[in-house]
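# What the coordinates show
Now for the letters of each chain:
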Amino acid sequence: MKTVETIKELRANIKQAKRKGKKIGFVPTMGFLHEGHLSLMRKARLETDVVVASIFVNPTQFGPNEDFEAYPRDMQRDALMTEECGVDYLFTPSVEEIYPENYVTYVDVEGDITRQLCGKNRPGHFRGVTTVVSKLLNIVTPDYAYFGKKDAQQVAVIDKMVRDLNIDVGIVPCPIIRDHDGLALSSRNTYLSSEQRKEAKILSQSLFEAEKLIYQRKLDSKKIKEFLIDRISSAKNAIIDYVEIVNGKNLNQVNEISGGVLIALAVKFGKTRLIDNIGVEL
Ligand code: PAF
């Protein structure tokens, strides 16, 4: 595996691979890797010829009071993990490489798709994500880019951006990877105290229970939301940011559950905000 810090060097290597007819797979990350990230890299390894992963803690997707500075980083450990997954190029640009002096251009996906769910309490977050992802896609020019479904709204927003801007890449959504007790893996799980960590399993448990209720034809989304809020509130440190049931495709709110829906939630344990979701297909 080659670690590359500059856009120029990465582009030269990718151009060479493309000249040989190689298919490029890309896994963008913010590092502090876990099995969720590694599952994306392994899938890219199976499906493409040359795998590029990036590690870049993107400042533009963090709000002023969010955890950009504190976000966990461990480049040495991450490099070993990516190498073990068969990644060919690990792109680790500096902030100045991605956002040089006088940088002023942003990509903004407008409308409800970015305004609701995580967009409500994280203004500017998706603008930062779509800006950096469009830049990374322009730099890497992959055939396929792999994203985890834990960030279901992020996948939907990126998919919309790629379609709206005619970016020539296949977006590959990949399954959520969970810990032994069901908690969705996230780099932010490391912030949790042992008590919060124990309580946090209520998120996946309540989502699986809600899924069961829907399969039992309990289709009133207000009642399912009330059930979820009740269950999650049984954890004494849980502060609910949102619990929503939305259309699985356009993320619009649904009243009566039918077809494919996404049950999505964000809950804080202390300062740590965790998200999780489940797609339910009727
Ligand atoms: O999901 C993430 O880790 C980030 O939002 C991404 C897609 C790497 C953009 O910074």
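Our subject is the structure that appears above.
Description of the structure in this document. The model shown is predicted, which means the values in this text are computed figures rather than measured ones.

### A look at the packing of aromatic side chains
For the coordinates displayed, the defined rule picks out five aromatic pairs. Between the aromatic rings of F62 and Y71, the centroid separation amounts to 5.8 Å while the plane-to-plane angle is 75°, which identifies the pairing as edge-to-face. The class for F62 is buried, based on a relative accessible area of 10%. With 5.7 Å between their ring centres and 90° between their planes, Y103 and Y106 make a pair best called edge-to-face. Judged by relative accessible area, Y103 falls into the partly exposed class, the value being 22%. Residue classification places Y106 among the partly exposed positions, given a relative accessible area of 32%. Pairwise contacts between aromatic rings join F56, Y99, Y103 and Y106 into one cluster. Against the face of F32 rests R77, its NZ or CZ located 4.8 Å from the ring centre. Of note, R127 hangs over the ring of Y106, and the distance from its end group to the ring centre comes to 4.1 Å.

### Comments concerning the site of the ligand
Neighbouring residues of the ligand: P28, T29, M30, N58, Q61, V132, V133, F147 and Q154. One nitrogen or oxygen atom from the side chain of Q61 is found 2.6 Å from an oxygen atom belonging to the ligand. Within the side chain of Q154, one N or O atom sits 2.7 Å away from an oxygen atom of the ligand. Protein contacts shield 89% of the accessible area of the ligand, which totals 290 Å² for the unbound molecule. Only β2 (24–29) and α7 (125–140) provide two or more residues apiece to the shell around the ligand. Partitioning the shell around the ligand into residue classes produces five nonpolar, four polar and no charged.

Calculation notes
Residues numbered from 1 in each chain as written. Predicted model: local features only at pLDDT ≥ 70, side-chain atom pairs only at ≥ 80, totals over all residues. Heavy atoms only, no water. Phe/Tyr/Trp six-rings, centres within 6.5 Å; stacked < 30°, edge-to-face > 60°. Buried < 20%, exposed > 50% of the residue type's maximum accessible area, 1.4 Å probe, protein only. Lys NZ or Arg CZ within 6 Å of the ring centre and 35° of its normal. Near = heavy atom within 4 Å. Polar contact = N/O pair within 3.5 Å; in protein donor to acceptor, adjacent residues only side chain to side chain. Areas by Shrake-Rupley, 256 points an atom, 1.4 Å probe, with all protein chains shown as cover. Helix = DSSP H or I, 4+ residues; strand = E, 2+ residues; numbered from the N terminus. Nonpolar A, V, L, I, M, F, W, Y, C, P; charged D, E, K, R; others polar.

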